[in-house]
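Residue-level structure breakdown
Okay, here's what each chain looks like letter by letter:
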Amino acid sequence: MNSGSLPPPKTTTSDIVLRSLAFSYLGLLILLPVIAIIFRSLESGLSVLWADMTLPPAIYSLKLTIITAFIMVLINIVTGTATAWVLVRYQFPGKSLMDALIDVPFAMPTIVTGIMLVAVYGPRSMVGAFFNRHGIEIMFNKPGIILALLFVTFPFVVRAVQPVLIEMDKDMEEAARTLGAGSSTIFVRVVIPSLLPAILTGAALSFSRALGEFGSIIMVAGNIPFKTQVASVYIYGEIESYNPQGALGLSIILLVFSFITLLFLNVLQYWSRRHEKG
Amino acid sequence: MKKGNVAKNALIVMVVMWFFMLIMVPVFGIIQEVFKFGISNAVASLLTPHARHAFLLTVCITIAAVIINSVFGTLLAMVLVKQKFKGKLFIEGLLDLPFAVSPVVAGFMFIILFGPQGFIGNWFENQGIKIIYAVPGMIIATLFVTLPFVAREVMPVLREFGLEQEEAAYVLGASRWQTFLKVTIPSVKWGIIYGITLTVARAIGEFGAVIVVSGNIINRTQTVPLHIHQEFTDYNYGAAYSAALLLALVSFALLITLQTIYKKSEQS
């Protein structure tokens, strides 16, 4: 509610009051819980925390989380960039409808996503039964996890790349073509480098979301240690079985990943701004 | 040229197929399941006392989250855009943290803080106030996951329009309060509405953070997503699919609202 007076005088009392109010809310709701979990995990000593992190099921779930997230990101980079490309550069019937529906995964509650996937790929469904007959288990196994992650993160890369593609002028591509470059050379040398910051932003957002994803995964994969138990499900299991100490280790690891993601996204933003200027 | 067209059409077909298989087929899958269950059965399953309680609780928690976070979100946006102070990047990082943190970890942090053995929860417990495994904790968890929406939507709008018009109003002799009500709020109106719609969408669907702090007690602390999970684990698939479809329809309506708002705000 700063009055925006001309020229801005030194900070007024009401500025200070508003600022304190805003910061107190942020502090209570976000900073305090983070401090509390760090404090609690240091309370019993780092060796106990390390022991919690390195329990075999904990390590397995962390590995499973990172590997499935990584596979999802690789697929999303390709399909997301291709989707953005098709939506920006080409005309086809139903294009605006598809463009509008890209955000469906963002709007869907994760539990609904999980239920939907079970409805289509579960053992009681036609598709699920077909795959099961061929010895491929989608639900309650790793393909289900990747499928759920692909669904919930689908819009990230598309929506990151799309605006950059719209802004990108075709001049550079045409200049390269005039100079005799082939289509594939232009794509690799001209298009990809200018899309890279956007693709990485989408990839980082997808990866971060995948590391913490819970609702859809617990529906499609369940909670089977050494098979489908991802990190968030492991943490949930420990809390449910009244062993909060056991949940601390992986929680801290996930939290550190969250901080790294935020930092990485800030660096990317800085980089792409410089890229635009350059 | 012809070769290029073939490649182009192949790419379009592949992209549309992928999108259809990944996103649209599951949406149709759930609709089909509800029809298999029967419309009258579906309606009946949505009217059981458990289901009705879950819907009521979800509505109450969502309203609380919308009111509190639109006030504090707008406030945070104004402080972050208009005031100059050190450590702004740190504050903005804190504001974005809920987007990056796993909902389960978020819920767990609130248990550590407000649980019976928690740092603050202990004191509340002695006063006879339950936060965790009760509705207050569920509201706090929902506030956490939805905090960035209004603030992040209002900030860019405020950056673009707010300041100049406010300065004009101030020069013309309007008081601070008048300026705020007549100039600031109308200029960020669409940002606030957009942020609120995102908040509603997230609040009605939040599962991880809420299930951790709620204790998942039937008829007491079950919201709609928790109710869906409960029905599913109890093998009441039809009831789970019905409630999920209803939640999906509401979410879809919110998505359309968002896109309409976006177009409107582009025009104005």
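Remember, predicted model here, so these are calculated numbers, not experimental data.

1. Quick word on the overall build of chain A
Assigned secondary structure in chain A consists of 13 helices and zero strands. Reading the secondary structure of chain A in the N-to-C direction produces α-α-α-α-α-α-α-α-α-α-α-α-α. In terms of overall dimensions, chain A has C-alpha extents of about 70 × 65 × 35 Å along its principal axes. Looking at chain A residue by residue over its 278 residues, the buried ones come to 43%. Counted over contacts in chain A with a minimum sequence separation of 6, partners at least 24 positions apart contribute 76%.

2. Looking at the overall build of chain B
Helices and strands together make up the secondary structure of chain B, namely 11 helices and zero strands. Ordered by position in the sequence, the α and β elements of chain B form the string α-α-α-α-α-α-α-α-α-α-α. Principal-axis analysis of the C-alpha atoms gives chain B an extent of 80 × 65 × 30 Å. The burial tally for chain B puts 47% of its 268 residues in the buried class. Here the contacts in chain B between residues at least 6 apart in sequence split such that 74% fall between residues at least 24 apart.

3. Focus on the interface of chain B and chain A
Between chain B and chain A, the contact holds 74 residues from the first and 65 residues from the second. Ranked by residue count, the leading element in the side of chain B that touches chain A is helix α1 (residues 2-37) of chain B, at 15 residues. Residue composition of the side of chain B that touches chain A, grouped by class: 57 nonpolar, 10 polar and seven charged.

4. A word on the nonpolar core
By size, the foremost hydrophobic cluster in this structure holds 151 residues, and its most contacted members are Ile115 of chain A together with Ala244 of chain B. Apart from the residues lying within four places of it in its own chain, the contact partners of Ala244 of chain B are Val112 and Ile115 of chain A together with Ile30 and Ile228 of chain B.

5. Re helix α3 (residues 56-89) of chain A
Three- or four-residue spacings in an α-helix give side chains the same orientation, since the helix completes a turn every 3.6 residues. In a regular helix each residue adds 1.5 Å, so 34 residues correspond to 50 Å; α3 of chain A covers 49 Å between its end C-alpha atoms and thus fits that length. Roughly 30° is the biggest bend found in α3 of chain A, and it falls at Asn76 of chain A.

6. Some words on the packing of helix α1 (residues 13-43) of chain A against helix α5 (residues 103-114) of chain B
When two helices pack together, their arrangement is given by the angle between the helix axes and the distance between those axes. The geometry of α1 of chain A relative to α5 of chain B is characterised by a closest axis approach of 8 Å and an angle of 75° between their N-to-C directions. It follows that α1 of chain A is roughly perpendicular to α5 of chain B by the angle criterion. Judged by residue contacts, Leu32, Pro33, Val34, Ala36, Ile37 and Arg40 of chain A of α1 of chain A engage Met109, Phe110, Ile112 and Leu113 of chain B from α5 of chain B. Of the residues in the contact of α1 of chain A with α5 of chain B, the class split is nine nonpolar, no polar and one charged.

7. Digging into the environment of Ala151 of chain B
Residue and element names in this part refer to chain B. Along the chain, Ala151 falls in helix α7 (residues 135-171). Along the chain, Ala151 and Leu76 lie 75 residues apart, while their C-alpha atoms are 6.2 Å from each other. Apart from the residues within four sequence positions on either side, Ala151 is in contact with Gly73, Leu76, Ala77 and Leu95.

8. A word on unusual backbone geometry
Residue Phe140 of chain A is not a glycine yet carries a positive backbone phi of 55°. Residue placement: Phe140 of chain A occurs in the loop between α7 (126-133) and α8 (142-167). Given 19 C-beta atoms within a 10 Å radius, Phe140 of chain A is considered partly exposed. The phi dihedral of Asn219 of chain B is positive, around 65°, even though this residue is not glycine.

9. Let's talk about the environment of Ala231 of chain A
All names here are of chain A. Positionally, Ala231 belongs in helix α12 (residues 231-240). A count of 29 C-beta atoms within 10 Å places Ala231 in the buried class. For the pair Ala231 and Asp169, spaced 62 residues apart in sequence, the C-alpha to C-alpha distance is 43 Å. When near neighbours in sequence (up to four residues on either side) are disregarded, Ala231 contacts Ser61, Leu62, Thr65, Leu211, Leu250 and Leu254.

10. Quick word on the confidence of the model for chain A
All names here are of chain A. Overall, the prediction assigns chain A a mean pLDDT of 90, with 95% of residues at 70 or greater. Highest mean pLDDT in chain A belongs to α3 (97); lowest belongs to helix α9 (residues 171-178) (82). The model gives residues 1-6 a pLDDT under 50, and that stretch makes 19 contacts with residues more than four places away or in other chains.

11. Here we look at the confidence of the model for chain B
Of the residues in chain B, 98% reach a pLDDT of 70 or more, and the chain-wide mean stands at 92. What the predictor reports for the complex is a pTM of 0.92 with an ipTM of 0.92.

Rules of the game
- Residues numbered from 1 in each chain as written.
- Chains lettered and ligands numbered in written order.
- Predicted model: local features only at pLDDT ≥ 70, side-chain atom pairs only at ≥ 80, totals over all residues.
- Helix = DSSP H or I, 4+ residues; strand = E, 2+ residues; numbered from the N terminus.
- Buried ≥ 20, exposed ≤ 12 C-beta atoms within 10 Å, placed from the backbone.
- Contact = placed C-beta atoms within 7 Å.
- Nonpolar A, V, L, I, M, F, W, Y, C, P; charged D, E, K, R; others polar.
- Core = buried A, V, L, I, M, F, W, Y, C linked by C-beta atoms within 7 Å.
- Expected span 1.5 Å × (residues − 1).
- Bend = angle between axes of the 7 residues up to and from the residue.
- Axes fitted to C-alpha atoms, helices over the stretch in contact; angles between N-to-C directions.
- Parallel < 35°, antiparallel > 145°, perpendicular 65-115°, else oblique.
- pLDDT = per-residue confidence, 0-100.

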